[in-house]
Amino acid sequence: MVVDDHPMWREGVARDLTEAGHQVVASCGEGRQAIRVVAAACPDVVVLDLQLPDISGVEVIQGLRAAWPKVRVLMLSASGEQQGVLDAVKAGATGYLLKSAALAEFLDAVRRTAAGEPVFTPGLAGLVLGEYRRLAAAGAVTGGPVPGHDPATAPRLTERETEVLRLVAKGMSYKQIAERLGLSHRTVQNHVQNTLGKLQLHNRVELTRYAIERGLDD
């Protein structure tokens, strides 16, 4: 689903996605409209503009996730302002891409977002990881308590799952982790999905936060 208040941009993004083989199930120009239709449209990914005329992008993310918890949100914004990026990720966005990105970069970001992999315009990944580390050091938890926070009751991960989790916390992509460990991309993805299930987390952004809070990014 594509959500942007500029008709020409919205139609262009939808056309690019369709030509690349994706099914665009809905397009909206306002945040409230997107929240109303998301459960009926059942999108895997919402490509969302941060600045909308009726409500903020953060409110839209929260509303989308409340209405359709399976959805993954890729922010596509003209602004790379740090607070806007952090607010979007804390609200539940899986990735954040600037509108200046090339088409190939955008299409790759959509594919990776659909797989639950956090995607950020170069330079923004470090900003997000740095904020998580700052919050962890201060004892603050973003987005509410993390399941399994008590070490005594935390689910047991295998040695390989823990190894993959450490590399996730360092901000590495599936491809980079696969190359580091000599595994296939699919095997790494399976390890991440199994770990998400064990920890009752929803995406790699939450998984990264979980790992950093436990010092696994050292």
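Note that the structure is a prediction, hence the values are computed from the model and not measured. (Residues numbered from 1 in each chain as written. Predicted model: local features only at pLDDT ≥ 70, side-chain atom pairs only at ≥ 80, totals over all residues. Heavy atoms only, no water.)

J.: I tried to follow the overall build of the chain on my own but got confused; where do I start?
T.: When helices and strands are tallied, the chain shows 10 helices and 6 strands. Per-residue burial for the chain yields a buried fraction of 48% across its 218 residues. Per element, the accessible surface of the chain, about 10500 Å² overall, is 51% carbon and sulfur. (Helix = DSSP H or I, 4+ residues; strand = E, 2+ residues; numbered from the N terminus. Buried < 20%, exposed > 50% of the residue type's maximum accessible area, 1.4 Å probe, protein only. Areas by Shrake-Rupley, 256 points an atom, 1.4 Å probe, with all protein chains shown as cover.)

J.: So what exactly am I meant to see when it comes to the sheet that holds strand S1 (residues 2–3) here?
T.: Pairing between the strands of a sheet is mediated by backbone hydrogen bonds and can be parallel or antiparallel. Overall, parallel pairing links the 6 strands, which are arranged S2-S1-S3-S4-S5-S6 in an open sheet. If you trace the sheet from one side to the other, it starts and ends with strand S2 (27–28) and strand S6 (119–120), each paired once. One ladder, built from 4 bridges, connects strand S4 (residues 72–77) with strand S5 (residues 95–98); its direction is parallel. In the sheet register, Leu 74 faces S5, and the bridge partner there is Gly 95. Contacts between helix H3 (residues 57–67) and the sheet are confined to strand S3 (45–48) and S4, with S3 contributing the most and set at about 170° to the helix. (Pairing = 2+ DSSP bridges. Contact = heavy atoms within 4.5 Å. Axes fitted to C-alpha atoms, helices over the stretch in contact; angles between N-to-C directions.)

So far we have only geometry, and geometry alone does not tell us how the molecule works.
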